[in-house]
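The lines below spell out each chain.
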Amino acid sequence: MRSEKFRKAMNVNEVDISQLLSLIIDEHKINDISSETSKTVYGDETSVEEIKDDDDDDVIIEENERSLELCKKATKFYKGDGVSVNKKEASRLYKESADNGCKEAMFNYARMMYIGDGVPVNESEAAHYYKLSAKNGNTNAMFIYANMIFKGEGVSADKKEAIKYFKQSADEGNMCS
């Protein structure tokens, strides 16, 4: 059940956004679409190039030795490597590691929150950490966060912002995009 939700996050409903993805993949189409199509796709006449990230809440912290050690420890609790499996402790350690700058922990903690892997589902917390992970270059996080924004899961639905993250994910080589 939990992994099914994660699989759904990685899959995009083609009927809903096939036009968006085709525009994202072929930037020339973005420039050539008519004003009416732009209004339909974006809700106004804003182009993808004009979309800016006005959210400065998510300060990116550099990875450090402590954050990497916490992440390794969290992974041991998650997998039961030398210790008993304890996903609640893994989640706590991933969060602490993520808050101290570990890029891998940002994604792992977000995933646990999103699907409720050993912890209660918390989509808003998942969205926050997927966004942090995306801002740190994780293309899977970019794609999942875009999907969450598109659907309004844990955050307000915002198709313009979703397009930005879908495009960035594709531009950086994510095969899901």
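Below is a short write-up of the structure.

### Considerations on the side chain of Ser-91
Relative to the elements of secondary structure, Ser-91 occurs in helix H6 (residues 87–99). Using a relative accessible area of 5% as the deciding quantity, one classes Ser-91 as buried. Excluding anything up to four places from it in sequence, Ser-91 contacts Tyr-109, Met-112, Met-113 and Val-119.

### A short note on the packing of aromatic side chains
Taken as a whole, this structure holds five aromatic pairs when the rule is applied. Centre to centre, the rings of Phe-107 and Tyr-130 are 5.6 Å apart; their planes meet at 65°, and the pair counts as edge-to-face. Placement of Phe-107 in helix H7 (residues 103–115) and of Tyr-130 in helix H8 (residues 123–135) is noted, with a sequence separation of 23 residues between them. Pair check on accessibility: Phe-107 and Tyr-130 agree, each one buried.

### Structural notes on the nonpolar core
Within soluble globular proteins, side chains that are nonpolar tend to cluster in buried spots. One finds Tyr-94, Tyr-130, Met-148 and Tyr-165 to be the most contacted residues of the largest nonpolar core, which totals 37 residues. Those elements giving two or more residues to this core turn out to be helix H5 (65–79), H6, H7, H8, helix H9 (139–151) and helix H10 (159–171). Beyond its immediate sequence surroundings of up to four residues, Tyr-94 is in contact with Cys-71, Ala-74, Thr-75, Tyr-78, Ala-105, Asn-108, Tyr-109 and Met-112.

### Things to note about the environment of Gly-154
Following the sequence through the fold, Gly-154 ends up in the loop between H9 and H10. With residues up to four places along the chain from it excluded, the contact list for Gly-154 reads Glu-123, Ser-124 and Ala-127.

### Some details on the pattern of salt bridges
Under the counting rule described, the total for this entry stands at nine salt bridges. Between Arg-92 and Glu-96 there is a salt bridge; the shortest N-O distance is 3.3 Å. Taken as a pair, Arg-92 and Glu-96 lie in helix H6 at a separation of four residues, close to a single helical turn. Judged by relative accessible area, which is 43%, Arg-92 ranks as partly exposed. For Glu-96, a relative accessible area of 24% corresponds to the partly exposed category. Where salt bridges share partners, they join Arg-66, Glu-89, Arg-92 and Glu-96 into one cluster.

Reading guide: rules and limits
- Along each chain, residues carry numbers from 1 onward, in the same order as the chain's sequence is written.
- Where totals are concerned, whole chains, interfaces and linings use all residues; where local detail is concerned, this predicted model gives features only for residues with pLDDT of at least 70, and gives and counts side-chain atom pairs only at 80 or more.
- Side-chain measures here rest on the full set of heavy atoms in the structure, leaving out hydrogens and waters.
- Helix and strand definitions here come from DSSP, where helices need a minimum of 4 consecutive H or I residues and strands a minimum of 2 consecutive E residues; each element is numbered from the N-terminal end.
- Under the scheme applied here, a residue whose accessible area is under 20% of the maximum for its type counts as buried, over 50% as exposed, and between as partly exposed, the area being computed with a 1.4 Å probe on protein chains only.
- Any two residues having at least one pair of non-hydrogen atoms within 4.5 Å are treated as being in contact.
- Side-chain rings of Phe, Tyr and Trp (the six-membered ring for Trp) are treated as a pair once their centres are within 6.5 Å; stacked means planes under 30 degrees apart, edge-to-face means over 60, and tilted covers the remaining angles.
- Side-chain atoms within 4.5 Å link the members of a nonpolar core, which is a set of buried Ala, Val, Leu, Ile, Met, Phe, Trp, Tyr and Cys residues.
- What counts as a salt bridge is simple: a side-chain nitrogen of Lys or Arg found within 4 Å of a carboxyl oxygen of Asp or Glu.

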